[in-house]
Amino acid sequence: MERLSQALVSKISTFQKRLQSFLENDFDPQSEERERVQQEFEASRDESLVRGLSQGLPEDHIDRAIVVFSRLAMLFQAGILLENHDGDWKAQAFFHKGVSELFKNSAKSSLSLPNANLMTWLKTDSAAILRKTNLQHLDMDHKTTCLLIKVTPDFSFILMSSLPDIWLQAHAENVRRALINGFAD
């Protein structure tokens, strides 16, 4: 039992280091530059950026999920990276208006997700998800639509967009196709 526990702690520690190295950015959490970037941010629907989601990805599935998540930061207003721990989905990182951040260990939230097929979009209430993850500041005006997609058995993305439904449907389908290309083995 002790070996299993040590292996699990080692895996979590390794995952945290990988996540940190991929998502680290040059912004000081309170910097003026960060605020300027977030004020000027507009999520892109550029199809070349969407196609770029699946290009040049690492072979390792953990690194792949992290890289794709960081690329999604340019295509959605906000997002949350979830990792599966025996059916308990833990929030590992989030982005808001193009800036990614890691959750501190004490701030990690757990969510129960519905059983869903891989690469299928589920739409849900963003206010409830944000409340459960203590990220209400990501959508203070309650104007975003929340989409959930399980990209592998181990990783899911929660993505938020303020696009009108007619544009969001096409954008989400383009992103889904790019994700399928990126995670197909």
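Here's what I pulled together on the structure shown here.

Definitions and limits used
- Residues numbered from 1 in each chain as written.
- Predicted model: local features only at pLDDT ≥ 70, side-chain atom pairs only at ≥ 80, totals over all residues.
- Heavy atoms only, no water.
- Helix = DSSP H or I, 4+ residues; strand = E, 2+ residues; numbered from the N terminus.
- Buried < 20%, exposed > 50% of the residue type's maximum accessible area, 1.4 Å probe, protein only.
- Contact = heavy atoms within 4.5 Å.
- Areas by Shrake-Rupley, 256 points an atom, 1.4 Å probe, with all protein chains shown as cover.
- Axes fitted to C-alpha atoms, helices over the stretch in contact; angles between N-to-C directions.
- Parallel < 35°, antiparallel > 145°, perpendicular 65-115°, else oblique.
- Left-handed = near helix turned anticlockwise from the far one by under 90°.
- Nonpolar A, V, L, I, M, F, W, Y, C, P; charged D, E, K, R; others polar.
- Salt bridge = Lys/Arg side-chain N within 4 Å of Asp/Glu carboxyl O.
- Phe/Tyr/Trp six-rings, centres within 6.5 Å; stacked < 30°, edge-to-face > 60°.
- Lys NZ or Arg CZ within 6 Å of the ring centre and 35° of its normal.
- Lys, Arg positive; Asp, Glu negative; His and termini not counted.
- Polar contact = N/O pair within 3.5 Å; in protein donor to acceptor, adjacent residues only side chain to side chain.

**Side note on the overall build of the chain**
- Summing up its helical and strand segments, the chain has six helices and seven strands in all.
- The order of α-helices and β-strands along the chain, N terminus first, is α-α-α-α-β-β-β-β-β-α-β-β-α.
- The buried share among the 185 residues of the chain stands at 43%.
- Of the contacts formed within the chain by residues at least 6 apart in sequence, a portion of 63% connects residues at least 24 apart.
- On the chain, roughly 10,500 Å² of surface is accessible, and the fraction owed to carbon and sulfur atoms is 48%.

**Examining the packing of helix α4 (residues 61-72) against helix α6 (residues 165-183)**
- Two elements in contact, α4 and α6, have axes separated by 11 Å at closest approach and are oriented at 155°. Taken together, α4 and α6 sit at an angle that is classed as roughly antiparallel. Considering how the two elements wind past one another, α4 and α6 form a crossing that is right-handed. Across the interface between the two elements, Arg 64, Ala 65, Val 68 and Leu 72 of α4 pack against Val 175, Leu 179, Gly 182 and Phe 183 of α6.
- The class makeup of the residues in the contact of α4 with α6 is six nonpolar, one polar and one charged.

**Brief notes about the pattern of salt bridges**
- Within this structure, the stated rule accounts for four salt bridges.
- The salt bridge involving Asp 165 is made with Lys 123; its shortest N-O contact spans 3.3 Å. Linking Asp 165 in helix α6 with Lys 123 in strand β5 (residues 121-124), this pair joins segments that are 42 residues apart in sequence.
- By relative accessible area, Lys 123 is classed as exposed at 55%.
- Each member of the salt-bridge network shares a partner with another, and the members are Glu 173, Arg 176 and Arg 177.

**Remarks on the packing of aromatic side chains**
- Per the counting criterion, the structure on display carries two aromatic pairs.
- Aromatic pair Phe 69 and Phe 95: ring centres 5.0 Å apart, planes at 50°, arrangement tilted. Of this pair, Phe 69 sits in helix α4 while Phe 95 sits in strand β2 (residues 88-96), and the two are 26 residues apart along the sequence.
- Summarising the aromatic geometry, the rings of Phe 69 and Phe 157 are spaced 5.6 Å apart at their centres and angled 40° between planes, so their arrangement reads as tilted. With Phe 69 in helix α4 and Phe 157 in strand β7 (residues 155-161), this residue pair connects regions lying 88 residues apart in the sequence.
- Cluster of aromatic residues (ring-pair linked, three or more members): Phe 69, Phe 95 and Phe 157.
- Arg 45 extends its terminal NZ or CZ atom over the ring of Trp 167, reaching a point 4.9 Å from the ring centre.

**Some details on the side chain of Asp 139**
- Inspection of the secondary structure assignment puts Asp 139 in the loop between α5 (126-132) and β6 (145-150).
- Lys 143 is the oppositely charged side chain nearest to the buried, salt-bridge-free Asp 139, at an N-O distance of 8.0 Å.
- Here Ser 126 takes part through its side chain, which lies 3.5 Å from a polar atom of the side chain of Asp 139.
- In terms of polar contacts, Asp 139 uses its side chain to reach the backbone amide nitrogen of His 142, at 3.0 Å.

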